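Listed here are the chains, written in short residue letters.
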Amino acid sequence: MANKASNIQIALSNTKWAFAGKFITQVISLVALVFVLRKLDVAVFGAFNFILTIFLIFQVFGLSPFTAIIKRYIPELTQHNDYKQIQQLLAYVCLASLIVFLIISFIFYFFKIEIGAFFNIPDLEVYFVPTLAFLSFHYYERIATTSLQSLLLNKSLSTINIFASLLKTVLYVVFLQQLNVFSLLAIEVAYSSVILFASAFTIARHLSANRALHNTGDYTMTPLRVKRVLRYASFSFLSEFGQGALGRSSDIFIVSALSNPLQVGLYAFSNRLYGMFYKVIPIKELMSIIRPIFLKKYSEGYESADFMKMYNFIIKLLLPLYITPAIYFLAFGESIILYVFDERYSAAYFVTLVLLSSNIFHGIFISQGITIELIERVEIKFYTQAITFVSFFIG
């Protein structure tokens, strides 16, 4: 009973800070985005967003198995107060992810001209150094923030995000007249570096403070074997690869290859609007709290009735949040584009509506996805995506 009360208190505390951080950072980000969209040419905005989307390659091939390991096993290790093994796990993740990042970076370097030509971004070679700087900082920023969420340190993460968002907006205002692809990438590097270093410091301090549990013997050694972790990471990678190939993030590569920078800019704008809606609505923040508590609560077993209550509660909580953006944009989307942003982006209305509507299915199956992570049957996701991928090409 005490453990249940403790979980409720942790959830409420983290939810409060996640919501506060979400609201403040999104108001700041909205102001910054309006500045950028009104200043930049649509084609320049498209080129910048395509460069940002290159991170998808690093995420799918380099980052996804490592963040999957962090999300799945840190909550379980925390349940056992096994902070020594958490520290070891994070050390191995950082080292292995660095090796993978360097390999992908070398491939990117040798084929940057061909990539730029294929996707109609002829200046990609010119942007290579700032692009690589952004990719490296953002890569480890994702590892650090995923670790903070898995440790349920949402208060610290919210504070860091608020400060970094303020810094980003100030930089936009200061360099408003000089905004181009180079300056935008430099601002992204500054933003990611602040989050990375502040998050790394917070994690190190948290692990150091809890290391005393080992001196008192108040912990349980978790049977976290290498074979178990590698199997989970491997199928997570395959699942992420399928999701990346079929997801909306990869669409910009198709648009870039088949069209011109103007259309890339319009699609990038649709993606940004999509992202803004789901940043204002705290689905990601709720999941960053629900997932680790769910994995902590049920990693040692569960009763069927209690499990199904939680399973259904997650769907009832999150499904309305997935439905709301599509309905709202259907009614007010054209006015939002015209009066908040610019009439140049009015052609992106229908695409944005399709993107928002397609996300409703995530809400229906979200509990199923967390359950698959709990029982470590990630191959089910991979098989589902493989069937969809094959059907897509056959059709």
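Residues numbered from 1 in each chain as written. Predicted model: local features only at pLDDT ≥ 70, side-chain atom pairs only at ≥ 80, totals over all residues. Heavy atoms only, no water.

Colleague: Any chance you could explain the overall build of the protein here in plain terms?
Modeller: In terms of helices and strands, the protein carries 18 helices and 0 strands. For the protein, the residues scored as buried account for 50% of the 395 residues in total. In the protein, the share of contacts with a sequence separation of at least 24, taken over all contacts with a separation of at least 6, comes to 84%. Element-wise, carbon and sulfur atoms account for 68% of the exposed surface of the protein, whose accessible area totals about 19600 Å². (Helix = DSSP H or I, 4+ residues; strand = E, 2+ residues; numbered from the N terminus. Buried < 20%, exposed > 50% of the residue type's maximum accessible area, 1.4 Å probe, protein only. Contact = heavy atoms within 4.5 Å. Areas by Shrake-Rupley, 256 points an atom, 1.4 Å probe, with all protein chains shown as cover.)

Colleague: I'm lost on helix α3 (residues 55–79) in this one. Help?
Modeller: Because an α-helix completes one turn every 3.6 residues, residues spaced three or four positions apart along the sequence face the same direction. The principal kink in α3, of about 65°, is found at Leu63, preceding the proline Pro65 by one to four residues. A large share of α3 lies buried, amounting to 21 of its 25 residues. One or two steps after α3, the chain reaches Asn81, where phi turns positive at roughly 55°. (Bend = angle between axes of the 7 residues up to and from the residue.)

Colleague: Explanation requested: the environment of Val93 in the structure shown.
Modeller: With respect to the helices and strands, Val93 occurs in helix α4 (residues 83–110). Expressed as a C-alpha distance, the spacing of Val93 and Ile143, which sit 50 residues apart in the sequence, is 8.7 Å. Once residues within four sequence positions are removed from consideration, Val93 is found in contact with Phe66, Ile69, Ile70 and Ile143.

Colleague: Help me understand a nonpolar patch on the surface, please; the structure alone is not making it clear to me.
Modeller: A contiguous nonpolar patch, built from Leu95, Leu98, Ile99, Leu102, Ile103, Phe106, Ile107, Tyr109, Phe110 and Phe111 and spanning about 1000 Å² of accessible area, is present on the exposed surface. The residue Phe111 is located in the loop between α4 and α5 (112–118) in this model. Among the residues examined, Phe111 registers a relative accessible area of 47% and is labelled partly exposed. (Patch = residues over 30% accessible without salt bridge, like charges linked within 9 Å, V, L, I, M, F, W, Y side chains within 5 Å. Salt bridge = Lys/Arg side-chain N within 4 Å of Asp/Glu carboxyl O.)

Colleague: Please clarify how the confidence of the model for the protein should be interpreted in this entry.
Modeller: Across the protein, pLDDT averages 78, with 79% of residues at or above 70. Mean pLDDT across the secondary structure elements of the protein bottoms out at helix α9 (residues 212–216), with 57, and peaks at helix α6 (residues 128–150), with 91. Scored below 50 in pLDDT, residues 217–221 shows 11 contacts in the model against residues more than four places distant or in partner chains. (pLDDT = per-residue confidence, 0-100.)

Colleague: I keep staring at the side chain of Ser270 and nothing clicks. Help me out?
Modeller: The topology assignment puts Ser270 in helix α12 (residues 261–280). A polar side-chain atom of Ser270 sits 3.3 Å from the main-chain carbonyl oxygen of Ala348. Looking at Ser270, its side chain comes within polar contact range of the side chain of Thr352, at 3.0 Å. Not counting residues up to four positions away in its chain, the partners in contact with Ser270 are Ala348, Val351, Thr352 and Leu355. (Polar contact = N/O pair within 3.5 Å; in protein donor to acceptor, adjacent residues only side chain to side chain.)

Colleague: I keep staring at the packing of aromatic side chains and nothing clicks. Help me out?
Modeller: Ring pairs (aromatic) are described by centroid distance and by the angle formed between their planes. Applying the stated criterion to the full structure yields 16 aromatic pairs. Where Phe294 meets Phe307, the ring centres are 5.6 Å apart and the plane angle is 55°; that geometry is what we call tilted. Linking Phe294 in helix α13 (residues 283–298) with Phe307 in helix α14 (residues 304–341), this pair joins segments that are 13 residues apart in sequence. Considering the side-chain rings of Phe329 and Tyr349, the 5.3 Å spacing of their centres and the 20° angle between planes classify their relative orientation as stacked. Here the residue Phe329 occupies a position in helix α14, and Tyr349 occupies one in helix α15 (residues 349–358), the gap between them amounting to 20 residues. Comparing Phe329 with Tyr349, the two get one shared label, buried. Members of the aromatic cluster, connected to one another through ring pairs, are Phe58, Phe101, Phe108, Tyr109, Phe110, Phe128, Tyr139 and Tyr140. (Phe/Tyr/Trp six-rings, centres within 6.5 Å; stacked < 30°, edge-to-face > 60°.)

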